[in-house]
Amino acid sequence: MSPEIAITRINFNSLDRFPVFLDYDMDRMKCRGMSAKVDLFSYGTLTEEIEKLSEQELKYAKQEGVFIRKKGLLFDSGFFLFDFNYIFSDKDSFINKIRNMNLEVVYLENSHRFQMEDIVSDIPCRLHLLEFDDASHG
């Protein structure tokens, strides 16, 4: 990870970050990375929400992501689930989504499954890679 990329470490008391983008395997309908911890500490609530999606809604979520805002889940303002496989296969589309949101800062999960540097430099605002305190990817 290059030194100019800000890494923000949080714990389950750090609920005031927004917008947060977490990785979720939409093909296998399975949590991975930070979404797995969110699901674990919310007693499977995240998995239950994704399993409620119809086939058409899941297809949309694969391409466009899904916003999760439910009492009892991490992050007061909610968070976005995106399948990072899709983000990294069509980085321009994701970057345009961020650009169109007119954000000053975004929080993107620091995933060890993907080359985060490949997308970080193109995000059109201040970016923090987000990790839980006990989940170093360094």
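What comes next is a walk through the structure. Keep in mind it's a predicted model, so treat the numbers as computed, not measured. Per chain, residue numbering runs from 1 following the sequence as it is written. Reporting in this predicted model follows two pLDDT cut-offs: at least 70 for local features of residues, and 80 or more for side-chain atom pairs to be given and counted; totals over whole chains, interfaces and linings ignore these cut-offs and use all residues. With hydrogens and water set aside, each side-chain value is computed from the structure's full complement of heavy atoms.

### Focus: the environment of P19
Strands are runs of DSSP state E lasting at least two residues, helices are runs of H or I lasting at least four, and both sets are numbered from the N terminus onward. Assignment of secondary structure puts P19 in the loop between strand 1 (6-10) and strand 2 (20-25). Each residue is assigned to one of three classes by its accessible area relative to the maximum for its type, calculated with a 1.4 Å probe on protein chains only: buried under 20%, partly exposed between the two thresholds, exposed over 50%. Residue P19 is classed as buried on the basis of its relative accessible area, which comes to 2%. Whether two residues are in contact is decided by their heavy atoms, any of which lying within 4.5 Å being enough. Discounting chain neighbours no more than four positions away, the residues touching P19 are F80, L103, V105, V106 and Y107.

### Observations concerning the packing of aromatic side chains
We call Phe, Tyr and Trp rings a pair once their centres come within 6.5 Å, taking the six-membered ring for Trp, and we label the pair stacked below 30 degrees between planes, edge-to-face above 60, and tilted otherwise. Taken as a whole and judged by the stated rule, the model has 10 aromatic pairs. Centroid distance F21 to F82: 5.7 Å. Interplanar angle 50°. Geometry classified as tilted. Here F21 is found in strand 2, whereas its partner F82 is found in strand 5 (residues 79-82), with 61 residues between them in sequence. Each member of the pair F21 and F82 is classed as buried. Ring centres 5.5 Å apart and planes at 90° place the aromatic pair F21 and F94 in the edge-to-face group. Taken together, the positions of F21 in strand 2 and F94 in helix 5 (residues 91-100) put the pair 73 residues apart, joining distant regions of the chain.

### Topic: the nonpolar core
L22, V38, L46, I68, F75, F79 and L81 are the most contacted members of the largest nonpolar core, which has 23 residues in total. If you tally residues by element for this core, the top one is strand 2, at 3 residues. For this analysis, a nonpolar core means a set of buried residues of the types Ala, Val, Leu, Ile, Met, Phe, Trp, Tyr and Cys, connected via side-chain atoms within 4.5 Å.

### Things to note about the pairing of strand 7 (residues 126-132)
Of all the 7 residues making up strand 7, 6 are buried; the element is thus mostly covered by neighbouring parts of the structure. Strands were regarded as paired on the criterion that DSSP finds at least two bridges between them. For strand 6 (residues 105-109) and strand 7, the ladder comprises 5 bridges, and the chain directions are parallel. Each residue of the ladder has a partner; that of L108, found in strand 7, is L129.

### Focus: a negative patch on the surface
Residues with no salt bridge and a relative accessible area higher than 30% make up the patches, which join like charges within 9 Å and nonpolar side chains (Val, Leu, Ile, Met, Phe, Trp, Tyr) within 5 Å. Only the protein chains shown count as cover for residues, and the accessible areas themselves come from Shrake-Rupley with a 1.4 Å probe. Should a side-chain nitrogen of Lys or Arg be within 4 Å of a carboxyl oxygen of Asp or Glu, the pair is scored as a salt bridge. Positive charges come from Lys and Arg alone, negative charges from Asp and Glu alone, with His and the N- and C-terminal ends not counted. Taken as the charge location is NZ of Lys, CZ of Arg, CG of Asp or CD of Glu. Taken together, the side chains of D90, D92, E117, D118 and D122 define an acidic patch exposed on the protein surface. Turning to its location among the elements, E117 is positioned in helix 6 (residues 117-120). Residue class for E117 comes out partly exposed when judged on its relative accessible area of 30%.

Remember that the coordinates give geometry; whether it matters functionally is a separate question.
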